[in-house]
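# A look at the structure
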Amino acid sequence: MNYSICLDPSSFDLTSLSANGFSVYTDLDNFTTPIIQNIPSSLLFPPPIGTCPFTLSGIPNGATQLLIIDQCEGEGTGTKSSIPPPADPAPTTNCCYALIDIETTPPVTSSFCTTCSLDFDVFSSSYVGQIIAGNLTSTCGPVTDYTIGWYKDGDYSAPEFISGTGSAFIPYQFSHPLSGNSSVPALAGNWEGIIHDISINGVVYSSVSGSANGILIPFESCFDTVVVEPLECNNGPYSGSAKYSHKFNFNSQAVGTVSAPVSLTYALDPTTEYFAYTFQGYSIWDEMEIKWKSGNPAATSNPTLYSQPIYLEKIKIGGDLYGQINANSLGFPTVSNPQIDNTWPKIASSYGYFRRVLTLTTLETSSNPSFPDLLEITITPNPINNNTTWVAGFQCLTDFDCTDCMFSNYPDSLPKISQIELEKVYGCDAQHIKLIISGCYSPNSDFMAPGNPFTELTGSLLYTSPPPFYPTNQYQQNRYLPGNTVDYVYTTLTPQTTCNVGYGGYISGCGPSSTGTITLNKTPGQIQLTFNLLDDYNYYKNKLIEVFTQAIGTLNPTPPISCDPNSLLYYKIFKIRVPSQLTPTANCGDNTVTQDYLFHINDYFNVQYIENPSSNFWSISIPQSPIVNCYPASNCNNCNVVLQNIVNNYNAEISQNINYTFTTTVGAKYAAPFVNVYNLWQTSTPSASGSVCVTPIYISQQYNVYSATTMPFISSSQSPTGWVNLTTLEASIPCDTSFYFPTTEYSYGFDKKAYIAAYQIRYPNLTGSFNYSLSTNDFEIYALTGNGATGSLLQTSNVSPLPCPDPSGSKIYSYIAGVPTVYTSSYFVGGNPTLVIDP
């Protein structure tokens with residue numbers, strides 16, 4: 001008879017075992033004569049100690065017990081095993097031993113994997129930069145909880161990370177399924193997943209690395225080895241219009257434990273001179289570091305330096321870092337100190353994508369394709385809040401130019417006007433002109449798109465359509481797009497009144513966690529919060545008073561607020577936002593779902609507070625009452641339309657038959673749980689007539705100095721900060737600095753900025769209203785160009801507003817009495833723009 005043996009190392013003092021190996025006895029002769037001797041201990045213990053299971057053959061039929069004893073020559077110094085000896089007869093020994101009931105003890109064999117057909121419902125044995133493994137399945141019954149240790153390149157001393165499902169075997173770092181946004185990024189190498197603990201049909205099994213002390217199973221992988229290939233410049237799944245060849249979306253799933261760091265291997269081509277990355281930390285910050293590892297240090301001029309990792313980046317990115325950024329203390333370049341100091345990591349308060357391009361040209365590269373240079377990219381999730389999500393993208397570049405193509409070819413590539421569109425605004429007279437400006441497009445600019453706090457590259461301003469009413473005589477806004485710029489000019493001819501709406505209510509950062517229970521109960525016409533801790537109750541109560549006071553200011557109104565056509569105070573709407581978690585015990589974070597509800601200013605005066613400390617009960621009840629619109633309609637006043645939309649949206653929401661209850665015990669507090677949704681203000685615009693100029697439409701470019709500069713650095717215990725900058729290896733992406741001048745942005749470091757052109761529109765004899773028999777009012781277009789080392793256009797300096805027209809500009813086009821005239825054809829596509837007139 002054969003039997004597989006795998007001893008439990010926790011039952012032995014492994015440091016006191018003899019070198020003679022083990023002997024095996026059976027109960028058929030009262031454990032007198034060994035059936036085998038001199039078995040090396042390395043064959044009987046599981047990895048990483050040994051290589052069990054060990055298959056024992058030749059066991060006599062009828063044997064029901066095996067005694068496995070260390071051959072310590074009768075006077076062993078080891079401690080006896082914790083497994084008790086047989087009651088009668090008891091072998092006499094001072095050596096370490098184990099007694100196994102081979103009839104009742106489940107055999108410890110590798111058949112456990114195949115007997116229960118353990119497998120993942122989604123699995124990939126070969127992938128680039130990731131481990132993909134879905135939910136664990138079994139034919140022996142439902143799998144409710146499990147943990148799997150992931151070991152790399154045959155090193156079984158400790159798992160690189162542990163994944164799992166359920167709450168029985170917490171802690172683990174990543175939650176199954178490891179697929180989609182939850183696929184785990186991983187270093188290149190051979191990975192094995194080994195079950196630590198698993199519950200099948202209610203029965204718990206454990207390997208030697210498990211913590212549940214279940215029925216012993218082999219310490220071996222039940223799955224194919226996962227071969228993770230390194231990321232390379234030409235093996236990314238993204239192509240075509242995608243900027244980044246490799247992109248990873250990771251979601252922690254908030255499993256109740258802190259996620260482990262993940263690392264990626266990027267094998268570089270010898271031709272790679274620049275490396276672009278993008279990273280989004282969302283609300284909860286995560287940290288990313290990028291290290292250069294030389295493929296052939298011995299071939300460099302400084303093998304000692306290149307034998308260690310050379311860091312290129314170490315930065316925390318996330319919206320909750322707002323307020324923690326200080327340019328001087330964090331080592332960002334400033335106008336007064338334009339160097340990147342050795343304070344790492346840097347900090348970027350960014351909810352959106354943060355983008356940067358690293359320059360590798362000063363690093364000595366490997367010319368041996370068998371030993372490529374590597375980038376090791378490590379992303380460390382937030383160590384405090386496990387409810388975190390991030391997105392990262394990477395791209396190799398053989399060349400780069402941060403200077404816009406128009407600057408590269410200046411002045412030959414000045415933006416040219418391809419079309420002029422004239423529109424009349426009826427009902428309340430206004431003149432609307434739109435310019436379509438054709439220009440070249442620099443594809444590299446997308447790798448350095450704006451990201452707070454680093455403005456990086458911007459073509460110009462954000463484009464929005466002009467509103468029907470605007471509180472100034474002239475309105476223009478534009479965006480530099482691939483191939484064209486769209487510029488709008490809106491000039492009022494008749495006095496107008498405008499209601500302006502600033503929308504609040506954005507998702508705020510997470511506030512302090514709660515150890516109590518907070519319940520949200522939303523029924524028709526009422527929002528109720530209940531608490532069992534005074535601190536939570538006071539938090540919400542004080543925040544409600546605070547937001548109301550800030551919104552109303554010093555008006556101190558007497559309730560109720562009436563619907564007055566001359567006042568917008570009646571239309572103030574507030575919102576409560578409560579984080580609704582994946583589970584009641586999940587932290588507030590990136591995966592938080594928000595529950596929000598509106599209430600009116602008059603509802604605030606009817607809020608009910610109940611305080612019953614003896615019962616540990618506190619509550620806040622907010623009513624929701626409908627509102628009306630009493631603002632009169634007018635052709636030259638848009639307030640009636642704006643306010644009616646607010647009234648309709650508000651009444652529709654509070655009238656919904658919502659019966660919603662949610663309870664949470666952790667983190668049910670935003671930093672700003674109440675917000676003023678609509679910030680309303682009213683403006684009046686006088687009519688414009690006579691000689692009127694529109695503020696020039698500027699076309700500019702800027703980039704952040706930190707974003708464009710790479711400062712390699714190394715770890716050093718000799719430095720107070722722990723880091724030493726390698727200033728001799730500092731490099732920047734190529735920019736034509738002759739056009740740029742320094743400018744402070746957001747108080748974090750500084751930018752380089754330059755202007756290339758501006759267009760100024762002038763109405764020489766603007767009439768106070770339209771004569772609709774005419775096609776349009778007369779107008780002229782002036783160009784301001786000429787860019788020196790200061791980055792400034794040749795225009796009248798230190799004068800605001802600019803002269804009308806600016807004598808530094810040149811008239812390039814006019815439309816007088818219905819006759820268009822081109823003065824300088826080089827400013828127009830084809831020498832003459834297309835003119836479109838609204839009939």
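All of these numbers come straight from a predicted model, not from anything done at the bench.

### Looking at the state of the cysteines
Counting across every chain of the model gives eight disulfides. Each sulfur in the disulfide pair Cys-563 and Cys-630 lies 2.0 Å from the other. Across the S-S bond linking Cys-563 and Cys-630, the dihedral sits near -105°, which makes this disulfide left-handed. Here Cys-563 is found in the loop between helix H4 (534-552) and strand S36 (573-580), whereas its partner Cys-630 is found in the loop between strand S39 (617-623) and helix H6 (639-654), with 67 residues between them in sequence. Given a relative accessible area of 23%, Cys-563 falls into the partly exposed group. Residue classification places Cys-630 among the partly exposed residues on the basis of a relative accessible area of 25%. Cys-693 shares a disulfide with Cys-804; S-S distance 2.0 Å. Linking Cys-693 and Cys-804, the disulfide has an S-S dihedral of approximately 85° and is accordingly described as right-handed. Highlighted residues: Cys-693 in strand S43 (residues 690-693) and Cys-804 in the loop between strand S51 (779-784) and strand S52 (810-816), separated in sequence by 111 residues. You can call Cys-804 partly exposed: its relative accessible area is 32%. Left without a disulfide partner, Cys-96 is nearest to the cysteine sulfur of Cys-72, which lies 7.3 Å away. Assessed through its relative accessible area of 1%, Cys-96 is described here as buried.

### A word on H6
The end-to-end C-alpha distance of H6 is 23 Å, a good match for the 22 Å that 16 residues give at a rise of 1.5 Å each. Elements in contact with the buried residues of H6: strand S33 (496-503), S36, strand S37 (593-600), helix H5 (601-604) and strand S42 (678-685).

### A short note on the sheet that holds strand S2 (residues 22-26)
Read from one edge to the other, the open sheet built from four strands follows the order S3-S2-S5-S6, with strand pairing classed as antiparallel. Each end of this open sheet is capped by a strand with a single partner; those strands are strand S3 (36-39) and strand S6 (97-101). Pairs of neighbouring strands in the sheet enclose a mean axial angle of 20°, with direction left out of account. For S2 and S3, the ladder comprises two bridges, and the chain directions are antiparallel. Its bridge partner being in S3, Phe-22 is matched across the sheet by Ile-39.

### Quick word on the sheet that holds strand S34 (residues 518-523)
As summarised here, the arrangement of the five strands in space is S38-S39-S35-S34-S40, forming an open sheet in which the pairing is antiparallel. Of all the strands in the sheet, just strand S38 (608-612) and strand S40 (660-664) have a single pairing partner and so form its edges. Each strand axis lies, on average, 10° off the axis of its neighbour in the sheet, ignoring direction. Pairing of S38 with S39 involves five bridges; the strand directions are antiparallel. Its bridge partner being in S39, Gln-608 is matched across the sheet by Ser-621.

### Focus: the nonpolar core
Trp-150, Tyr-266, Phe-275 and Phe-394 are the most contacted members of the largest nonpolar core, which totals 70 residues. At five residues, the largest contribution of residues to this core is made by strand S24 (residues 310-317). Membership of the second largest hydrophobic core comes to 49 residues, among which are Cys-499, Ile-552, Ile-620 and Tyr-650.

### Quick notes on the environment of Gly-21
Looking at where Gly-21 falls in the secondary structure, it is placed in the loop between strand S1 (3-5) and S2. Spatially, the C-alpha atoms of Gly-21 and Cys-72 are 8.3 Å apart, while their sequence positions differ by 51 residues. Filtering out sequence-adjacent residues up to four positions away, Gly-21 remains in contact with Asn-38, Ile-39, Pro-40, Ile-69, Asp-70 and Gln-71.

### Remarks on the pattern of salt bridges
By the definition in use, this model includes 14 salt bridges. Where Lys-314 meets Glu-289, a salt bridge forms, and the shortest distance between an N and an O atom there is 2.7 Å. In this pair, Lys-314 sits in strand S24 while Glu-289 sits in strand S23 (residues 286-293), placing the two residues 25 residues apart along the sequence. What makes Glu-289 buried here is its relative accessible area of 12%. With a closest N to O distance of 3.0 Å, Glu-780 and Arg-762 form a salt bridge. Here the residue Glu-780 occupies a position in strand S51, and Arg-762 occupies one in strand S50 (residues 750-766), the gap between them amounting to 18 residues. The pair Glu-780 / Arg-762 is uniform in exposure class, with both members buried. Overlapping salt bridges bring together Glu-287, Glu-289, Lys-291, Lys-293, Lys-314 and Glu-376 as one network.

### Quick look at unusual backbone geometry
The peptide bond linking Ile-170 to Pro-171 adopts the cis configuration, its omega dihedral lying at 20°. Even without being glycine, Ser-117 reaches a positive phi, approximately 50°. Overall, the relative accessible area of 37% leaves Ser-117 in the partly exposed class. Of note, the phi angle at Ala-817 is positive, near 55°, even though the residue is not glycine.

### Considering the packing of aromatic side chains
On inspection of all chains with the given rule, the structure shows 38 aromatic pairs. A centroid spacing of 5.5 Å and a plane angle of 85° characterise the contact between Phe-174 and Phe-250, whose relative ring orientation is edge-to-face. Note that Phe-174 is positioned in strand S13 (residues 174-175) and Phe-250 in strand S20 (residues 246-251), a separation of 76 residues in sequence. Note on Phe-250: relative accessible area 3%, which makes it buried. Pairing Phe-531 with Tyr-537 gives two aromatic rings, centres 6.0 Å apart and planes at 65°, and the pair type is edge-to-face. Across the pair, exposure class does not vary: Phe-531 and Tyr-537 are buried alike. One aromatic cluster in this structure is built from Phe-120, Phe-123, Trp-150, Phe-161, Phe-174, Trp-191, Phe-223, Phe-250, Phe-279 and Trp-390. Lying across the ring of Tyr-597, Lys-522 places its NZ or CZ 5.8 Å from the centre. The ring of Tyr-609 carries the charged tip of Lys-541 above its face, separated from the ring centre by 4.9 Å.

### A short note on the side chain of Asn-725
By secondary structure assignment, the location of Asn-725 is in strand S47 (residues 723-725). On the accessibility criterion, Asn-725 (15% relative accessible area) is buried. Here Ile-340 takes part through its backbone oxygen, which lies 2.8 Å from a polar atom of the side chain of Asn-725. The residues touching Asn-725, leaving out its near neighbours within four places in the chain, are Ile-340, Asp-341, Asn-342, Trp-344, Met-711, Pro-712 and Phe-713.

Conventions we followed
- Residues numbered from 1 in each chain as written.
- Predicted model: local features only at pLDDT ≥ 70, side-chain atom pairs only at ≥ 80, totals over all residues.
- Heavy atoms only, no water.
- Disulfide = S-S within 2.5 Å.
- Helix = DSSP H or I, 4+ residues; strand = E, 2+ residues; numbered from the N terminus.
- Buried < 20%, exposed > 50% of the residue type's maximum accessible area, 1.4 Å probe, protein only.
- Expected span 1.5 Å × (residues − 1).
- Contact = heavy atoms within 4.5 Å.
- Pairing = 2+ DSSP bridges.
- Axes fitted to C-alpha atoms, helices over the stretch in contact; angles between N-to-C directions.
- Core = buried A, V, L, I, M, F, W, Y, C linked by side-chain atoms within 4.5 Å.
- Salt bridge = Lys/Arg side-chain N within 4 Å of Asp/Glu carboxyl O.
- Phe/Tyr/Trp six-rings, centres within 6.5 Å; stacked < 30°, edge-to-face > 60°.
- Lys NZ or Arg CZ within 6 Å of the ring centre and 35° of its normal.
- Polar contact = N/O pair within 3.5 Å; in protein donor to acceptor, adjacent residues only side chain to side chain.

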